[in-house]
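# Examining the three-dimensional arrangement
Listed below are the residues making up each chain.
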Amino acid sequence: SPADPAPPFDFSMNASARADDEGRKIFIGGLSFDCREDDLRADFGKFGELEDVQLPMGGDKPHKGFAFLTYCKAESATDATKEHHQRNYMGREITCKIVEPRRGGGGGGGGGG
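First, a word on scope: everything that follows refers to the structure included in this document. (Residues numbered from 1 in each chain as written. Predicted model: local features only at pLDDT ≥ 70, side-chain atom pairs only at ≥ 80, totals over all residues. Heavy atoms only, no water.)

## What to know about the pattern of salt bridges
Opposite charge on two side chains permits pairing when their charged atoms draw close. Applied cut-off: Every case where a carboxyl oxygen of Asp or Glu lies within 4 Å of a side-chain nitrogen of Lys or Arg is listed as a salt bridge. Relative accessibility thresholds used throughout: buried, under 20% of the residue-type maximum; exposed, over 50%; partly exposed, between the two (1.4 Å probe, protein chains only). What counts as a helix is a DSSP run of H or I of at least four residues, what counts as a strand is a run of E of at least two, and both are numbered from the N terminus.
Evaluated as defined, the whole model comprises four salt bridges. The shortest N-O distance in the salt bridge between Glu 22 and Arg 24 comes to 2.6 Å. Among the residues examined, Arg 24 registers a relative accessible area of 9% and is labelled buried. Between Arg 24 and Glu 51 there is a salt bridge, with the nearest N and O atoms lying 3.0 Å from each other. Here Glu 51 lies in strand β2 (residues 50-54) and Arg 24 lies in the loop between α2 (15-21) and β1 (25-29), a separation of 27 residues in the sequence. A network of salt bridges, in which partner residues are shared, links Glu 22, Arg 24 and Glu 51.

Written out as structure tokens, the structure is:
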């Protein structure tokens, strides 16, 4: 049949990498240890529907103090970062930014003069 199968790189690209590529995933750093996933869903969910919330656990602490949130739409992620970056959240100033896509290759580091 004339329909070609999708190119192989589509298969290796998981949902997380796609979200990065589309600017739908945000990083939140500096979170209070009182913060719970439910808090993030409630407070960040008002910018748009959340596809995924990751609050990595921190051994002896409730979590590691950062989270990754994936929105269904890139605009929601942008709105959330504009609203929350370097603002007080639950008593701490947090960092809130769009996750940059991971590109192949080593990246910069050259230069000098």
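Structure's up, so let's keep going.
## Observations regarding the packing of aromatic side chains
Where we set the bar: Note on aromatic contacts: the rings of Phe and Tyr and the six-membered ring of Trp form a pair at centre separations within 6.5 Å, being stacked when their planes are under 30 degrees apart, edge-to-face when over 60 apart, and tilted otherwise. Here, over-ring charges are defined by two tests on the NZ atom of lysine or the CZ atom of arginine: distance to the ring centre within 6 Å, and angle to the ring normal within 35 degrees.
Applying the stated criterion across every chain, the model contains five aromatic pairs. Between Phe 27 and Phe 68, the ring centres sit 5.5 Å apart and the planes meet at 55 degrees, which makes this aromatic pair tilted. One end of the pair, Phe 27, is in strand β1; the other, Phe 68, is in strand β3 (residues 66-71), and 41 residues separate them in sequence. Residue classification places Phe 68 among the partly exposed residues on the basis of a relative accessible area of 24%. A cation over an aromatic ring shows up here: Lys 25 above the ring of Phe 68, its NZ or CZ 5.6 Å from the ring centre.

## What to know about the sheet that holds strand β4 (residues 87-89)
For the record, the criterion: Only when DSSP finds a minimum of two bridges between them are two strands counted as paired. To define axes, lines are fitted to C-alpha atoms, for helices over the stretch in contact only, and angles between the resulting N-to-C directions are given on a 0 to 180 degree scale. When checking whether two residues touch, look at their non-hydrogen atoms; a contact exists if any pair is within 4.5 Å.
Spatial strand order, β2-β3-β1-β5-β4: five strands in an open sheet with antiparallel pairing. Edge strands, defined here as strands with exactly one partner in the open sheet, are β2 and β4. When strand polarity is set aside, the average angle formed by the axes of neighbouring strands in this sheet is 30 degrees. In this sheet, strand β5 (residues 92-98) lies alongside β1 in antiparallel orientation, the contact comprising four bridges. Bridge pairing links Gly 29 to Thr 95 in β5. Docked against the sheet, helix α3 (residues 37-44) engages β1, β2, β3, β4 and β5, running at close to 145 degrees with respect to β2. Docked against the sheet, helix α4 (residues 74-84) engages β1, β3, β4 and β5, running at close to 150 degrees with respect to β5.

## Overview of the side chain of His 84
When you line up the elements, His 84 lands in helix α4. By relative accessible area, which is 10% here, His 84 ends up buried. The contact partners of His 84, leaving out residues within four places of it in the chain, are Asp 43, Phe 44, Phe 47, Tyr 89, Ile 94 and Cys 96.

## A word on the environment of Asp 39
Note the cut-off: The term polar contact refers here to a pair of N or O atoms within 3.5 Å; inside protein, the definition further demands a hydrogen-donor-capable atom paired with an acceptor-capable atom, and it admits residues adjacent in sequence only when both atoms are side-chain atoms.
For Asp 39, the location among the structural elements is in helix α3. Asp 39 gets classed as partly exposed once you look at its relative accessible area, which sits at 24%. Along the chain, Asp 39 and Met 90 lie 51 residues apart, while their C-alpha atoms are 9.5 Å from each other. Setting aside its immediate chain neighbours within four residues, Asp 39 contacts Asp 34, Phe 44, Tyr 89 and Met 90. At a separation of 2.8 Å, a polar atom in the side chain of Asp 39 contacts the main-chain amide nitrogen of Arg 36.

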